[in-house]
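Commentary on secondary and tertiary structure
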Amino acid sequence: MGKSLQFFTGVLAERLLMHRENDSNVVTAKGVECSHVGAKGEKVLFTIRGKIVVVCAGAILTPALLLASGIGEERELRNQGVTPILEGEDNVWKGVGKRLCDHVIVATGFWTNRRFTSVDVPNSVRGWLAMDITDDRNRYNLSSSKHKARLLLKVMDGSSSSCILPGVIASTFHRVYFFEPHFVCRFVNWFLCVLSKVLSFLAGILLKNSVILSFFKRQTLQILVCLMNPKSMGAVSIQHRGKGENCRGLSNFDVQIDPAYLSREEDFVGISLGAHIVKKLSSCWIPNSIELLPGYLYKGIGGSDYLRKYVSDFALPYYHWSGTCSIKSDLVSEGSHVVDEQLRVRQVTNLYICDASVHPKIISAPPALTLAAMGLTVSSILHDLIRPKTE
């Protein structure tokens, strides 16, 4: 009779329990230290042990858990009071938390004098259009004469207007200026900050009205420009909350995310190509329409480079995080990968990772099916480990 499968809810994985064999480079995962909230609100720690440990916390929390457990770049760990498991040249985990990637979204919006939709359904998505665009005019002075952007245009009704428009209105007026005299500059910046918050608050209340929201849903639409082959890469790190306290456990740290959106000029070029395509297609898709996002007000304030300013203000995450614990690949620099071809963490005999963090490069499509296939692959690997084939 095999052991029963157990699920734990309301539990936080604090750290991996690692064991190093007699100062050698052989490291073994003994289990996971977890915590939950007790009856009196206190933190209660307990341990789950096993012969094999598989981490599936996603591209944000998987590297955070590894860093809190002493698996990561030595200097980064010591700065946060964490003792690294391996030191010096023996530390092969310098890539933990690096190469964070995500698809980037920029919203465009339109008002139309005819109903865009008359059907009340929970899902606001009305259509998709995937395309590859090659721009050979080199309008942005890139090193390459051609730039290829893989884009996904996502057509939606106006159900999400109440979430998007207040932020757009706030950002339109929230500007920081530098001039003399300084006291006048500080007053202007303070006034614009207050004005943006007030307008955002009022717009949020207004758009929550059922009549107005119904009007926006039926008479407006958004076309989301999704860049599916971004080049920018960020990082995930941890920051210890206290001073001189016990640094053991993920709950003692803040997880910091730097997505580095649009840090590469190629990404802005890709988004701008998509925006230009939407502008051309909108005359066919939605004739007699008025552009709401970025809108004429944003164009008037932003000047000739309004699109760059709008994209910088409103680049949204697609939440397809990946790349922070990369697998060994030609796409990753030598020695910076975290897991091998079997998805096993380097230098650890029984620790595996099964989530999007192992992708060496973000895939140019929503990753759900890829991750499902990865789960099947890992289950096959674990099955062979637990029940080896007999000759």
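Here is a short report on the structure shown in this document. (Residues numbered from 1 in each chain as written. Predicted model: local features only at pLDDT ≥ 70, side-chain atom pairs only at ≥ 80, totals over all residues. Heavy atoms only, no water.)

**Some points on unusual backbone geometry**
The omega torsion across Leu293 and Pro294 is 0 degrees, close enough to zero to call that bond cis. On the secondary structure map, Pro294 appears in the loop between β12 (289-293) and α7 (295-302). Phi at Arg99 is positive, roughly 65 degrees, even though this residue is not glycine. (Helix = DSSP H or I, 4+ residues; strand = E, 2+ residues; numbered from the N terminus.)

**Brief notes about the pairing of strand β10 (residues 234-240)**
In β10, alternate side chains face the same way, and those of Gly234, Val236, Ile238 and His240 are buried while those of Ala235, Ser237 and Gln239 on the opposite face are not. Here strand β5 (residues 98-100) runs beside β10; their pairing, made up of two bridges, is antiparallel. The residue of β10 that forms the bridge with Lys98 is Ala235. Inspection of the sheet shows β10 paired to strand β11 (residues 253-258) by six bridges, in the antiparallel sense. Within β11, the residue paired with Gln239 across the bridge is Asp254. (Buried < 20%, exposed > 50% of the residue type's maximum accessible area, 1.4 Å probe, protein only. Pairing = 2+ DSSP bridges.)

**Observations concerning the nonpolar core**
Core analysis: the biggest nonpolar cluster contains 41 residues, and Leu151, Ile223, Cys226 and Val311 have the highest contact counts within it. Secondary structure elements with two or more residues in this core: β6 (104-112), β7 (125-135), β8 (147-157), α3 (161-173), β9 (220-227), α6 (265-285) and α8 (306-314). Once residues lying within four places of it in the same chain are set aside, the contact partners of Val311 are Val106, Leu262, Phe268 and Ile271. In terms of nonpolar packing, the next biggest core, distinct from the first, is built from 40 residues, Leu65, Leu67, Val348 and Tyr352 among them. (Core = buried A, V, L, I, M, F, W, Y, C linked by side-chain atoms within 4.5 Å. Contact = heavy atoms within 4.5 Å.)

**What to know about the sheet that holds strand β3 (residues 43-49)**
The pairing of strands in a sheet happens through backbone hydrogen bonds and is either parallel or antiparallel. One open sheet holds the three strands; their spatial order is β1-β2-β3, and the pairing between them is antiparallel. Looking at strand neighbours, the two that pair on one side only are β1 (12-20) and β3, the edges of this open sheet. The mean angle between the axes of side-by-side strands here comes to 30 degrees, regardless of whether they run parallel or antiparallel. One ladder, built from eight bridges, connects β1 with strand β2 (residues 27-37); its direction is antiparallel. (Axes fitted to C-alpha atoms, helices over the stretch in contact; angles between N-to-C directions.)

**Let's talk about the sheet that holds β5**
Taking strand neighbours across the sheet as the criterion, the three strands line up as β5-β10-β11 in an open arrangement whose pairing is antiparallel. In this open sheet, the two edge strands, each paired with only one partner strand, are β5 and β11. Neighbouring strand axes in the sheet, compared pairwise and without regard to direction, differ in orientation by 40 degrees on average. Along the sheet face, helix α1 (residues 58-68) touches β5, β10 and β11 and points at about 45 degrees away from the line of β10.

**Focus: the pattern of salt bridges**
Under the counting rule described, the total for this entry stands at 12 salt bridges. Ionic pairing is found between Glu14 and Lys43, a salt bridge with its closest N-O pair at 4.0 Å. Taken as a pair, Glu14 in strand β1 and Lys43 in strand β3 lie far apart in primary sequence, 29 residues in all. Residue class for Glu14 comes out buried when judged on its relative accessible area of 1%. Exposure remark for Lys43: the relative accessible area of 46% places this residue in the partly exposed category. The salt bridge involving Lys148 is made with Asp132; its shortest N-O contact spans 3.9 Å. Of this pair, Lys148 sits in strand β8 while Asp132 sits in strand β7, and the two are 16 residues apart along the sequence. On the basis of relative accessible area, Lys148 is assigned to the partly exposed category, the value being 45%. Taking the relative accessible area as the measure of exposure, Asp132 reaches 38% and is therefore partly exposed. (Salt bridge = Lys/Arg side-chain N within 4 Å of Asp/Glu carboxyl O.)

**Description of the packing of α6 against α8**
When two helices pack together, their arrangement is captured by the angle between the axes and the distance separating the axes. Here α6 crosses α8 at 110 degrees, and the two axes come no closer than 11 Å. Taken together, the axis directions place α6 and α8 in an arrangement best described as roughly perpendicular. Of the residues in α8, those in contact with Glu265, Phe268, Ile271, Ser272 and Ala275 of α6 are Leu307, Arg308 and Val311. (Parallel < 35°, antiparallel > 145°, perpendicular 65-115°, else oblique.)

**Comments concerning the side chain of Asn229**
Take Asn229: it is sitting in the loop between β9 and β10. A distance of 3.1 Å separates the side chain of Asn229 from the backbone oxygen of Lys148, its partner in a polar contact. Polar contacts involving the side chain of Asn229 include one to the main-chain amide nitrogen of Arg150, which spans 3.1 Å. With residues up to four places along the chain from it excluded, the contact list for Asn229 reads Lys148, Ala149, Arg150 and Asp267. (Polar contact = N/O pair within 3.5 Å; in protein donor to acceptor, adjacent residues only side chain to side chain.)

**Some thoughts on the environment of Leu67**
Here Leu67 shows up in helix α1. Considering only alpha carbons, one finds Leu67 and Ser237, 170 residues apart in sequence, at a separation of 7.7 Å.

**Description of the packing of aromatic side chains**
Two descriptors summarise a pair of aromatic rings, namely the distance from one centre to the other and the angle between the planes of the rings. Enumeration over the complete set of coordinates arrives at six aromatic pairs. With a centroid separation of 5.3 Å and an interplanar angle of 40 degrees, the aromatic rings of Tyr310 and Phe314 are classed as tilted. Here Phe314 and Tyr310 lie together in helix α8, a separation of four residues that amounts to about one turn. Residues Tyr310 and Phe314 agree in their burial class; the two are buried. One aromatic cluster is present, built from ring pairs that chain together Phe187, Trp190 and Phe191. A cation over a ring is seen here: Arg308 above Phe268, with NZ or CZ 3.9 Å from the ring centre. (Phe/Tyr/Trp six-rings, centres within 6.5 Å; stacked < 30°, edge-to-face > 60°. Lys NZ or Arg CZ within 6 Å of the ring centre and 35° of its normal.)

It is worth stressing that arrangement in space is one thing and function is another; only the former is reported here.
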